[in-house]
Structures are given as structure tokens and as C-alpha cells.
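Geometric and topological summary
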Amino acid sequence: MKLTRRESKQRRHRRVRGKVNGSQDRPRLAIFRSNEHIYAQVIDDTKQNTLVAASSVEPDLKSALACGSNCEASAQVGKLIALRSLEKGITKVVFDRGGNLYHGRIKALADAAREAGLDF
């Protein structure tokens, strides 16, 4: 049985979420990548609420970027999510790639967040 790309991604996402869980002292940095934009959230799974969010859809980022679906946009979102997390006192997170492969836009976001001060 051959799986479609979507089914493969869903399978990877379920496998990752089985292992990765955000807590109050180490929340989960969840990434969602669409064809047009990229979104990042820092989530406390014990209380089931989003602590910090950033995306390439936000007006200040959208006007500064030529395109919301490239590595440059992902790096900007990574820096922004790290800065907002550090303002709230969050320094350590668990990385949830959301079933996406760790390269390209996902890797750019993660590297930018690490450079800006997040530890994962």
C-alpha cells in the first residue's frame, strides 16, 4: 500500500506528538507550514493554552517580506517567536516539527530561534 504525501505527513505527525509533550517549565514549540505561510506557537500542553505565537501573516512581517513561504520568512518568524518567548520568560522549549521533514523552511525557523536565544 502506497501512502500519499498527506498520509505520510499525518503519520509522522502522530509519531512525533506521541513522543513530544509540552509542560509548564518546557513548553512545546509547534510549527505549521502551509504553501503560502509559516506559523509557530509555544504551547503549554498541561493547561492546553498557547503562550506565544508568531507567523508570516502578521502585518508587520508581511509588509517587510516579499514572500511568506521561503526560508527568509521562516527565519524572521523564528526570531520573532524567540523574542516573544524570552519576553515572557520562556527560555527552554521542546521542538515539534509538525510532521514536516527537518530541512528547508522548518530548519531555517529552528536555527533562527536558537540563534535568538531559545534552547531546544
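These figures come from a predicted structure and were not determined experimentally.

**Some details on the overall build of the chain**
Looking only at helices and strands, one finds four helices and four strands in the chain. Along the longest, intermediate and shortest principal axes, the C-alpha atoms of the chain span 45 × 35 × 20 Å. The burial tally for the chain puts 42% of its 120 residues in the buried class. For the chain, the proportion of contacts with a sequence separation of at least 24, taken over those separated by at least 6, is 61%. Per element, the accessible surface of the chain, about 7100 Å² overall, is 49% carbon and sulfur. Averaging the locations of the 23 positively and 13 negatively charged side chains of the chain gives two centres separated by 9 Å.

**Quick word on the nonpolar core**
Across soluble globular proteins, nonpolar side chains have a tendency to be buried as a group. Leu 29, Ile 31, Ala 40, Val 42, Val 77 and Ile 81 are the most contacted members of the largest nonpolar core, which totals 22 residues. For this core, the secondary-structure elements that each account for two or more residues are β1 (28-33), β2 (38-44), β3 (49-55), α3 (71-87) and α4 (105-115). No other element matches α3, which puts five residues into this core. Here Ile 81 is in contact with Leu 29, Ala 40, Gln 41, Val 42, Val 52, Ala 53 and Ala 54, once residues within four sequence places are set aside.

**Some points on the packing of aromatic side chains**
The geometry of an aromatic ring pair is captured by two quantities: the separation of the ring centres and the angle between the planes. Across all of its chains, the model carries three aromatic pairs by this definition. Ring centres 5.8 Å apart and planes at 40 degrees place the aromatic pair Phe 32 and Tyr 39 in the tilted group. With relative accessibility at 44%, the residue Phe 32 sits in the partly exposed group. Centre to centre, the rings of Phe 95 and Phe 120 are 5.1 Å apart; their planes meet at 10 degrees, and the pair counts as stacked. With Phe 95 in strand β4 (residues 94-96) and Phe 120 in the segment after α4, the pair connects residues that are 25 residues apart, well separated along the chain. Among the aromatic side chains, those forming a connected cluster through ring pairs are Phe 95, Tyr 102 and Phe 120.

Rules and cut-offs
- Residues numbered from 1 in each chain as written.
- Predicted model: local features only at pLDDT ≥ 70, side-chain atom pairs only at ≥ 80, totals over all residues.
- Heavy atoms only, no water.
- Helix = DSSP H or I, 4+ residues; strand = E, 2+ residues; numbered from the N terminus.
- Buried < 20%, exposed > 50% of the residue type's maximum accessible area, 1.4 Å probe, protein only.
- Contact = heavy atoms within 4.5 Å.
- Areas by Shrake-Rupley, 256 points an atom, 1.4 Å probe, with all protein chains shown as cover.
- Lys, Arg positive; Asp, Glu negative; His and termini not counted.
- Charge placed at Lys NZ, Arg CZ, Asp CG, Glu CD.
- Core = buried A, V, L, I, M, F, W, Y, C linked by side-chain atoms within 4.5 Å.
- Phe/Tyr/Trp six-rings, centres within 6.5 Å; stacked < 30°, edge-to-face > 60°.

Scope: geometric values only; no functional claims are made or implied.
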